[in-house]
Structure formats: C-alpha cells, structure tokens
Amino acid sequence: MAILWKLLVLWLISTVATLVTAGEIKNVLLLLADDAGFEMGAYLNKYCQTPNLDKLARRGLLFNNAFTSVSSCSPSRAQILTGQVSHASGMYGLHQGVHNFNALPGTHSLPNVLREKSQGSILSGIIGKKHVGTGEDFKFDFEQTEEQHSINQIGRNITRMKLYAREFLKQAQAEAKPFFLMISFHDPHRCGHITPQYGEFCERWGSGEIGMGSIPDWRPIYYDWRNFQVPPYLPDTDVVRQELAAQYMTMSRLDQGVGLMLKELQQMGFEDNTLVIFTSDNGPPFPLGRTNLYEHGIRSPFIMKSPLAKDRHLDTTGAMASLQDIFPTVLDVFHLNNDNSSASSLYSKSLLPLLQTEPPANEDDAVFGSHNYHEITMDYPMRSIRTRRYKLIHNLNYWSYFPIDQDFYTSPTFQQIINATLNHQQLPWYKNLLAYYQRPEWELYDIKADSLERFNLAEKPKYKEILQKLRQRLLQWQVDTKDPWRCAPHAVLQEQGVFKKNPVCLSLGHEAISKPLTRYEKYVLI
C-alpha cells in the first residue's frame with residue numbers, strides 16, 4: 001500500500017508539472033513576410049489561396065488595426081528588433097549595397113537583449129532575410145541569412161528554410177533552452193528588376209518549370225488573372241491583374257512555407273508552449289503601397305496565436321497596434337523588463353494583454369509613422385499620426401517630387417502608368433502621376449469616410465481644430481522621441497552648445513519668401 005501511495009504521489013507531481021509547463025508560453029516564433037499586404041483568405045481576399053495562414057488566424061487573434069511605423073524593409077525590421085522608430089534607431093533606409101544604412105552604435109536589439117538579460121539561457125535564431133546591421137548590433141545565436149546564402153535560397157526555398165528551422169529547434173531541445181526564432185521569408189517581394197527570367201515576383205523560381213529548378217515542398221498554384229477583381233486602390237487594368245496573379249503565386253509559396261514551419265514546431269513538441277506571430281514588414285510594392293505612409297503602405301496583416309486554451313482564439317481585435325510592439329511583447333513572454341533607454345519605447349507596449357481581453361475603444365488611440373529613406377537617393381522624410389478615424393501626414397520635402405524606387409519603377413504596373421501619362425492616355429485609376437508626385441506639406445484624411453485617402457481635408461476650415469490637435473500630438477511625439485527632423489522643413493534644430501539644455505527651432509525665413517514678412521516670429525522653444 002505504501003508503494004502505491006508513493007507511485008500515486010509521483011504521478012500527481014508529474015501531472016502537475018506537465019500542466020504547469022503546458023500552461024505557460026516559453027517560446028516565440030515570429031513569421032515575417034516581405035512586402036505582403038492582405039492577400040489572404042483570413043483578410044477576405046477571395047482569390048489568393050492561403051490555407052495555412054487562414055488556419056493560423058482561426059486558431060489565434062486576428063488584428064484589424066496593426067501598422068508598421070515605416071514603409072521600407074530594413075527600417076521596418078529594425079523597428080521589430082529594437083522597438084524603436086527609424087529616426088531613433090538610425091536605420092533610416094535600406095541596409096544593403098550602396099544604401100549602407102546601419103543602426104546607431106549601441107542600439108539594443110532583441111537577440112542581444114535576450115542574451116544579456118538571460119545570461120545566455122534563451123536561444124535566439126533567424127532564418128531568411130535579415131537585412132539589418134551592423135552584425136554586432138543584431139547578433140543572433142543561430143543565423144542562416146543572406147549573409148551566408150543567396151537571398152532566394154534562404155528566403156524563398158521553403159524546403160531549405162524548413163531544414164534550418166529543424167536544426168534550430170533540435171538545438172533548442174538539446175540545450176533545453178526557451179527560444180526566439182524569426183523566420184523571414186523573401187516572398188512576395190519583387191525581383192523582376194534583377195532576375196526577370198524568374199518572373200516579376202520570382203514566381204517561376206523553383207516552380208519545376210524548365211530551367212527554373214524545383215523546391216521539393218512547394219506545390220505551385222497558378223492563378224487565372226482574368227477572373228480577378230482589382231483592389232480599388234490600384235489601376236483597373238489587365239496589366240495589374242497579371243501582376244496580382246504573379247504576386248498571389250508567391251504568397252501561396254509563403255503560405256506553404258508557414259505550414260512547414262508550424263509542422264516542424266508541432267513535430268518537435270513545441271506547439272503547446274510557443275507564441276506564434278505572423279506579420280509583414282510593410283505593404284505591397286504597388287502604387288500607394290510600400291515607401292508610402294498611406295494605408296496600403298503601412299497597414300499590416302497581423303496574427304498572434306497563443307498556445308494557451310484560456311487565451312482568445314478564433315477572434316479579432318480592433319486595438320491599435322504597431323510593429324514596434326513586438327519588441328516589448330517578446331520581452332514580456334520571457335518575463336524580462338523593457339528598460340530600453342530610447343524615448344520611442346515610451347510609445348510601444350506588450351500585446352500579450354490582448355490575448356485576454358479587448359480594451360475599450362478610444363477614438364484618440366494612435367500609432368505614429370516615421371519614414372526617411374528607402375534607397376539612398378529617396379530623400380523624402382515623412383511623419384504621420386493615425387488614430388482610429390483620422391490620419392495626418394507631414395511631408396517634409398513637399399517641394400520635391402515623391403521618389404520612385406528601382407524595382408517598383410521597372411514593374412509593369414508603374415510602366416503602364418508612366419507610359420499612359422507620357423502618351424496622354426486615360427487610365428482607370430483615381431490618381432494621376434502628377435498628383436502622385438506632387439504632395440502638399442500636410443495631408444489629413446478621414447479614414448472612416450474615405451478609406452482610399454482621396455480627399456485631403458487639411459485646408460478645410462471645418463477640420464481646422466482636428467488638424468491643429470493632430471499636429472500638436474505629432475510634434476510632441478517627435479520631441480519625445482528626439483526626432484532629428486522635428487524642426488523641418490521650415491526651421492533648423494539647434495541642440496548643442498548654448499542650446500543644449502533648451503533646444504530650439506531657428507527659422508529658415510521661408511515665411512518671408514512665400515509671403516511678405518509683416519511681423520517678427522520669435523524662436524520657438526521645444
């Protein structure tokens with residue numbers, strides 16, 4: 001009888017320990033798309049087939065108001081890994097090649113913070129597109145990226161990515177360490193300007209077609225573009241439909257990659273204690289998308305799936321969220337304090353509480369945007385504030401034409417727009433090239449009434465009070481986050497020497513150039 005009691009006690013202890021482990025989030029898997037929008041069934045796209053993402057959404061929490069703070073690859077990845085906006089991290093534009101942007105020295109990133117705070121007891125890994133620097137500022141314990149492989153092999157070859165994910169998970173299992181693993185797909189990024197033989201979105205690469213090679217785990221889905229309804233923000237042309245068919249083909253490859261990663265997680269026994277997050281770095285590479293602070297440039301697909309039964313599943317949230325929030329969320333999972341010294345961290349928060357309850361909606365809830373460059377030649381800094389209803393964009397170089405990046409310029413969609421303009425032909429699009437290039441200093445939109453951002457309200461007397469309130473909030477955010485551009489474009493920031501304790505914006509005299517100077521404007525202390 002005594003032996004039976006001892007066995008029963010041991011069984012109870014084992015059972016309780018199992019339940020405690022099963023009832024705790026120990027790991028984080030971040031799945032990151034490259035230039036993806038809402039091309040998935042979970043976000044009501046009825047053409048693009050994404051069964052794995054749709055399943056993830058059903059099992060998790062789907063965000064309807066998630067935004068990136070910047071619409072460019074490297075700065076967006078930096079915001080995810082540092083919790084800082086681009087003007088605070090120093091990652092102003094693209095990292096690779098002649099662009100050569102890097103984070104400011106000493107920038108705190110997730111892999112480094114996790115290693116230091118846990119004294120090496122948390123394993124960090126990245127597989128796929130890294131696209132940030134320097135290496136020391138973003139040093140993962142396990143790295144298989146474009147720094148060791150060609151970008152297509154490590155970002156689009158989902159079989160190879162699966163095998164590296166398996167290797168990482170085996171290491172985490174062998175070392176008995178909790179982990180943060182970032183899987184950074186290169187799909188559905190364009191590639192037509194570099195390797196046009198593979199298709200505009202590299203949709204033929206690895207498809208099994210003659211000369212294209214084969215990705216063993218990919219079952220290509222070919223789309224008939226003639227059946228498509230074009231999203232309302234794009235020109236309604238067959239050229240756009242054909243581009244969408246190519247994009248959807250690579251979105252389906254990404255989706256199958258997501259399925260592979262989740263299967264590896266399950267087979268290695270980590271499904272029941274891993275928080276899974278899916279999102280994209282910025283919007284799709286179409287007009288009004290990537291490199292813009294318009295809705296289709298910054299609104300992000302976002303799914304968060306908790307392994308805990310008590311958390312929200314098969315649910316949606318309208319809470320305002322920023323990709324900056326991923327940084328404190330990951331720290332929250334590992335019960336680590338967020339002592340990020342950057343002022344921009346004041347505007348980010350953990351998303352874990354959303355897994356429990358939906359917060360009350362407040363019309364003043366806001367996310368902020370800071371876009372400076374994309375390519376090195378694209379000097380067009382913009383700032384924005386987006387509330388639940390309104391968006392205000394401040395174009396700092398508004399006297400200059402909006403710049404166009406290389407891969408978008410060579411795209412069939414943009415070539416059709418520019419050729420129609422040059423040949424004075426009508427295009428079924430609510431924008432025109434001149435309006436796309438020439439933007440006013442201030443743009444104010446009522447997103448609820450005007451989701452396509454067609455009608456700028458900044459000069460309307462009716463919206464004067466709203467404009468002023470949003471301008472004040474935006475400026476305060478710039479001051480709080482020590483934005484080097486906070487005095488632009490009409491003044492110069494002075495914060496050294498005699499101005500160190502009280503920074504000032506000193507006028508450039510633009511008001512005297514644009515209109516007669518009738519009174520002296522005092523320096524504005526900020």
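Residues numbered from 1 in each chain as written. Predicted model: local features only at pLDDT ≥ 70, side-chain atom pairs only at ≥ 80, totals over all residues. Heavy atoms only, no water.

What to know about the nonpolar core
Working step 1: Membership of the largest hydrophobic core comes to 80 residues, with the highest contact counts inside it found for Leu 31, Ile 127, Phe 179, Ile 183, Phe 185 and Phe 278.
Working step 2: The dominant element in this core, judged by the number of residues it contributes, is helix H8 (residues 238-267), at 13 residues.
Working step 3: Contacts of Ile 183, omitting those with residues within four sequence positions, involve Leu 29, Leu 30, Leu 31, Leu 32, Ile 127, Met 161, Ala 165 and Met 261.
Working step 4: If you look at the next biggest cluster of nonpolar residues, it comprises 46 residues, including Ala 103, Ile 126, Val 333 and Leu 351. (Core = buried A, V, L, I, M, F, W, Y, C linked by side-chain atoms within 4.5 Å. Buried < 20%, exposed > 50% of the residue type's maximum accessible area, 1.4 Å probe, protein only. Helix = DSSP H or I, 4+ residues; strand = E, 2+ residues; numbered from the N terminus. Contact = heavy atoms within 4.5 Å.)

Quick word on the sheet that holds strand S11 (residues 366-371)
Working step 1: Strands sit in the order S11-S12-S13-S14 across an open sheet of four strands; the sheet is antiparallel. Whereas interior strands pair on both sides, the edge strands pair on one side only; in this sheet they are S11 and strand S14 (442-446). Shown here is a sheet whose adjacent strand axes are inclined to one another by a mean of 10°, direction ignored.
Working step 2: Each of S11, strand S12 (382-387), strand S13 (390-395) and S14 is contacted by helix H14 (residues 464-480), which is oriented at about 120° to S12, the strand it contacts most. (Pairing = 2+ DSSP bridges. Axes fitted to C-alpha atoms, helices over the stretch in contact; angles between N-to-C directions.)

Focus: the side chain of Asn 397
Working step 1: Along the polypeptide, Asn 397 turns up in the loop between S13 and helix H11 (406-409).
Working step 2: You can call Asn 397 buried: its relative accessible area is 16%.

Some thoughts on the sheet that holds strand S6 (residues 179-184)
Working step 1: Strand order across the open sheet formed by eight strands is S5-S4-S6-S1-S7-S8-S2-S9, with mixed pairing between neighbours. Edge positions in the sheet fall to strand S5 (142-145) and strand S9 (315-317), since each of these pairs with one other strand and no more. Strand-to-strand twist of the sheet, defined as the mean angle between neighbouring strand axes without regard to direction, takes the value 15°.
Working step 2: Where strand S2 (residues 61-63) lies against S9, three bridges are found, and the strand directions are parallel. Each residue of the ladder has a partner; that of Leu 61, found in S9, is Asp 315.
Working step 3: Taken strand by strand, H8 contacts strand S1 (27-33), S6 and strand S7 (274-280), and its axis lies near 170° from that of S1.

As for unusual backbone geometry
Working step 1: Residues Gly 133 and Thr 134 are joined by a peptide bond in cis, for which omega reads 5°.
Working step 2: Within the secondary structure layout, Thr 134 lies in the loop between strand S4 (123-128) and S5.
Working step 3: The omega torsion of the bond from Ala 488 to Pro 489 falls at 5°, within 30 degrees of zero and hence cis.
Working step 4: For Pro 489, the position within the fold is in the loop between H14 and strand S15 (491-494).
Working step 5: In the Ramachandran plot, Asn 100 falls in the positive-phi region, its phi being about 60° despite a non-glycine side chain.
Working step 6: Looking at the secondary structure, you find Asn 100 in the loop between helix H4 (86-89) and helix H5 (110-118).

Some thoughts on the confidence of the model for the chain
Working step 1: Mean pLDDT over the chain: 93, with 92% of residues reaching 70 or higher.
Working step 2: Low pLDDT, under 50, characterises residues 1-21; the stretch is placed with two contacts to residues that sit more than four places away or in other chains.
Working step 3: Scored below 50 in pLDDT, residues 517-523 makes five contacts in the model with residues more than four places away or belonging to other chains. (pLDDT = per-residue confidence, 0-100.)

Focus: the state of the cysteines
Working step 1: Per the counting criterion, the structure on display carries two disulfides.
Working step 2: A disulfide bridge connects Cys 191 with Cys 202, and the sulfur atoms are separated by 2.2 Å. In this structure, the disulfide formed by Cys 191 and Cys 202 twists by about 115° around the S-S bond and is classed as right-handed. In this pair, Cys 191 is assigned in the loop between S6 and H8 and Cys 202 in the loop between S6 and H8, connecting sequence segments 11 residues apart. For the residue pair Cys 191 and Cys 202, the accessibility class agrees, reading buried in each case.
Working step 3: Here Cys 487 pairs with Cys 505 through a disulfide, and the sulfurs are 1.9 Å apart. Of note, the bridge from Cys 487 to Cys 505 carries an S-S torsion of about -75° and is left-handed in sense. Here Cys 487, found in the loop between H14 and S15, pairs with Cys 505, found in strand S16 (residues 504-507); they are 18 residues apart in sequence, far enough to count as distant. No difference in accessibility class separates Cys 487 from Cys 505, as the two residues are buried. (Disulfide = S-S within 2.5 Å.)

Some details on the pattern of salt bridges
Working step 1: Tallied over the entire structure, the rule returns 33 salt bridges.
Working step 2: Measuring nitrogen to oxygen at the nearest pair gives 3.1 Å for the salt bridge that ties Arg 77 to Asp 281. Residue Arg 77 is found in helix H3 (residues 73-82), and its partner Asp 281 is found in the loop between S7 and helix H9 (295-298); the two are separated by 204 residues along the sequence.
Working step 3: Overall, Asp 281 belongs to the buried group, its relative accessible area being 0%.
Working step 4: Of the charged contacts, one joins Arg 312 and Asp 315 as a salt bridge, the two residues approaching to 3.0 Å between their closest N and O atoms.
Working step 5: Using a relative accessible area of 11% as the deciding quantity, one classes Arg 312 as buried.
Working step 6: The class of Asp 315 is partly exposed, set by a relative accessible area of 29%. (Salt bridge = Lys/Arg side-chain N within 4 Å of Asp/Glu carboxyl O.)

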